[in-house]
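So the chains spell out like this:
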Amino acid sequence: MKLTKEQINFVNNLLNKMTLEEKIGQLTQDSPSIVGGFDISFDELVEMLTDGRISQTEFNKKITNVKRDYHEDDIRNGFVGAVMGNDPKKANELQKIAVEETRLGIPLLIGFDVIHGLRTVYPIAIAEAGSFDDELMQKTASIAAKESRAYGINWNFAPMIDVARDSRWGRVSEGPGEDPYLSSRFATAKIKGLQGDQSSSNNYVAACTKHFVGYSACEGGRDYNTTTMSTNTLFNVYLPPFKAAMNAGACSAMAAFNDLNGIPCTVNSYTLRNILKDEFGLNGFVVSDANAIKECVNHGIAENDIVAGEMAINAGLDMDMGTRIYLNHLASSIKNGTVSMDVLDDAVKRVLSVKVWLGLFENPYIDEKIIEQYDCAIPKEHINICKESAEKSLVLLKNEENILPLDKNKKFTLVGSLADSPDEVTGSWALGFKSKDCVSIKKGLENSNANFDYYPICGPNTSINSSELDSAINSDSDIIVAVVGELKSMSGEASSKANLILPGQQREMLASLLRANKKVIAILMNGRPLALGWEKENLKAIIEGWHLGIQMGNAISSALFGDINPSGKLSCTFPSVNGQEPLYYNHTSTGRPASNSKFTSKYVDTPLEPCFPFGYGLSYTTFKYDSLTLKETPSSVNVTFNLSNTGKRPGTETVQLYIQDVTASIVRPIKELKGYKKVSLQPGESQTVTLTLDKSEMGFYNNMGQYVLENGLFKIYVGGNSKDTLVSKININF
Ligand code: NOJ
């Protein structure tokens, strides 16, 4: 976020005119409360939807029928700087109050969780990162920005860039997976997409990177739990995506709920001031997570709300989401000197700067005509990009005897109630879609005139219907396409799980079909890596479909029939069984690497290898890597190899570059992703591929949080996943 001189002057002049109360108002984010019927806040309602206590239909019903109190008088009095919501008409009404009825006419920030699309819901982040396609990731974010702005939202609580190494944590679905490098490229693409097109104020929003920091490292994968890590792990693993986002100009960040090494992130001046603001250069602001300032009392770090508020603002937490603690107590803290005016002014300036940068002072309102258009139909261009993203994000995990792609004219049997659950394709945190836009897998297959019978049999939370199972067993087709996995409410916030196998009776259904000698192809719909050891061993083919968004059905159908050739790769490691988590490819070297000999680092009752490694994904063609050479230049290592398409179809391979710092002053990972590229080849075609490894990327953060480049031997790997690689060595003197 860069402001011109005039804009900076405007902010300073405005600040000079503000009363203490008006300043504190700018640091208060308010949410509408629901009135009548039941006494819950909008935040709570959103959370109920997210954690599955109510369905999308129930949510929509409550939202449309129920009266909400937007606390208009508080806005009128200048007590509110930001609100939460996605109702376009209301957005204009509230902006009108802020702009025309307050003393200084300061427009509102209107924030909302647009995590993977608003009307056009595209793949959940864990899936989309697997496309390894930065340009596409930017495009989907830019669609989200335009749709948000059309609905009056000017501030998106995205991207979520928590590196997630433990699939028990439900929120793995919301972020780009386990790798810091991939997550950093994802973060950059998303910031560019959300904030980049400033040609019109209708085209961009302020991004809010979250959750700062270490939220995903919660102990045991249990949401909101405590987080403990070394400085080098913090800097090498969890901070890089945030650094990348700040380099790309991200406007804001959300502090995480958890404590990090004993200090809640809401009141952590080391992470908020020293790292995020001073070192990474955030010139926008930090918002708390919902209710988090108050939760510092539960953490046992503040004796009451007043102290929690003082600790938060002094630590660099600029805006209070949802508690009104700043609004109610900050003025007296300023008066008694516990919080200085400088601290307050700095926070206010940051919030005002984002409002100025967004062009809200010139253009606070949205054009309600645009909304009418969206209400009729999503623009075709958005649908096309959404479908492309879904097609490029799905991952072919197994394809025994090349059973896929299927012949469209040959009849098969479709099973699994998830196949006919349109809303489920949207995944966690999808709050703005319309069911009529969602293409279920069954619908997608019908759209392509496939020849199949359908029996739902069972789903993640419904038991086997034996007459439907019998019908599937007795059907004349020997091929079964089984759509199995998780409901969208089974991942996302407050959805941590200890058991990662297919929920309910779905595995039992698959086993019954196998016993009847059916060839079973599984299409997975899930928001986290599942423990797939049994499925890998027994099924003919597996497509990881994640929650691919509203075009999921069409994308899966294109892949099943070979209209596209799968090219997605896994953004995270898959375990074989429960209990292997946390599981990730880039773990540090141990003195006793896992092997078949007894006294090595492993479990004695699981395979040594993961079920599917990071970066893994098959194609309907095959690729061969050979002739790896390394050439050193003053600033880089040019990594060159030969890639051939050795199969019978055109295909796209995501070539991946990993390094290992063989000997260093602290123990380093066994492999680290440092580059990737997509290469498309015709059958029989070969290409010499060069990836440039910048030497500045070959260092690491030590336990003082300092970035160091250490001379010595490096191993350089290239391959189509993190496990199957060519390797060469090079000595580097930086
Ligand atoms: C809680 C979640 O942790 C956060 O990601 C979200 O943006 C806020 N609530 C607002 O809905």
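Worth saying up front: this structure is predicted, and the values here are computed from it rather than measured. (Residues numbered from 1 in each chain as written. Predicted model: local features only at pLDDT ≥ 70, side-chain atom pairs only at ≥ 80, totals over all residues. Heavy atoms only, no water.)

Here's the deal with the nonpolar core
In step 1: Counting residues in each nonpolar core, the largest one holds 201 residues, and the members touching the most others are Leu 109, Trp 155, Leu 404, Phe 412 and Trp 546.
In step 2: Examining the composition of this core, we find that 9 residues originate from one element, helix 16 (residues 341-357), more than from any other.
In step 3: The residues touching Leu 109, leaving out its near neighbours within four places in the chain, are Gly 81, Ala 82, Val 83, Asn 154, Trp 155, Phe 285, Met 319, Val 351, Val 354, Lys 355, Leu 358 and Leu 360.
In step 4: Core analysis: the next-biggest nonpolar cluster, separate from the first, contains 21 residues, Leu 628, Leu 681, Leu 691 and Met 698 among them. (Core = buried A, V, L, I, M, F, W, Y, C linked by side-chain atoms within 4.5 Å. Buried < 20%, exposed > 50% of the residue type's maximum accessible area, 1.4 Å probe, protein only. Helix = DSSP H or I, 4+ residues; strand = E, 2+ residues; numbered from the N terminus. Contact = heavy atoms within 4.5 Å.)

So, the sheet that holds strand 5 (residues 109-112)
In step 1: With respect to topology, 8 strands assemble into an open sheet ordered 11-8-7-6-5-4-1-12, the strand pairing being parallel. Where the open sheet ends on each side, the last strands, each with one partner, are strand 11 (285-287) and strand 12 (320-321).
In step 2: Relative to strand 5, strand 4 (residues 82-84) is paired through 3 bridges, and the arrangement is parallel. In the strand pairing of strand 5, Ala 82 is matched with Leu 109.
In step 3: The strands that helix 12 (residues 269-279) touches are strand 7 (206-212), strand 8 (252-255) and strand 11; relative to strand 7, the one it contacts most, it runs at about 135°. (Pairing = 2+ DSSP bridges. Axes fitted to C-alpha atoms, helices over the stretch in contact; angles between N-to-C directions.)

Thoughts on helix 21 (residues 506-515)
In step 1: Restricting attention to buried positions, one finds in helix 21 the residues Gln 506, Met 509, Leu 510, Ala 511, Ser 512 and Leu 513.
In step 2: In the core, the buried residues of helix 21 are packed alongside strand 14 (412-415), helix 20 (466-474), strand 16 (479-485), strand 17 (519-525) and helix 22 (533-538).
In step 3: Count one or two residues on from helix 21 and you reach Asn 517, which has phi positive near 65°.

Topic: the site of the ligand
In step 1: In the vicinity of the ligand lie 13 residues, with Asp 113, Arg 171, Lys 210, His 211 and Asp 289 positioned nearest.
In step 2: Between the ligand and His 211 there is a distance of 2.7 Å, counted from an oxygen atom to a side-chain nitrogen or oxygen.
In step 3: In the model, an oxygen atom of the ligand is placed 2.6 Å from a nitrogen or oxygen of the Asp 289 side chain.
In step 4: Against a free-state accessible area of 300 Å², the protein chains account for coverage of 98% of the ligand.
In step 5: Partitioning the shell around the ligand into residue classes produces 6 nonpolar, 1 polar and 6 charged. (Near = heavy atom within 4 Å. Polar contact = N/O pair within 3.5 Å; in protein donor to acceptor, adjacent residues only side chain to side chain. Areas by Shrake-Rupley, 256 points an atom, 1.4 Å probe, with all protein chains shown as cover. Nonpolar A, V, L, I, M, F, W, Y, C, P; charged D, E, K, R; others polar.)

Thoughts on the domain arrangement of the chain
In step 1: Under the domain assignment, the chain is made up of domain 1 (25-106), domain 2 (386-580) and domain 3 (623-732).
In step 2: When each unit is reduced to the centre of its C-alpha atoms, the spacing between domain 2 and domain 3 is 33 Å.
In step 3: On the domain 3 side, the residues contacting the 5 residues of domain 2 number 9 residues.
In step 4: Taking both sides of the interface into account, the surface hidden between domain 2 and domain 3 amounts to around 520 Å²; carbon and sulfur atoms contribute 38%.
In step 5: Among the residues domain 2 hides against domain 3, the three largest losses belong to Asn 565, Ser 567 and Lys 569. Together they make up 75% of the total.
In step 6: Summed over the shared surface of domain 2 and domain 3, the number is 1 salt bridge.
In step 7: As a salt-bridge pair, Glu 653 and Lys 569 come within 2.9 Å of each other at their nearest N and O atoms. (Domains from an automatic or database assignment. Buried area = accessible area lost by both parts, 1.4 Å probe. Salt bridge = Lys/Arg side-chain N within 4 Å of Asp/Glu carboxyl O.)

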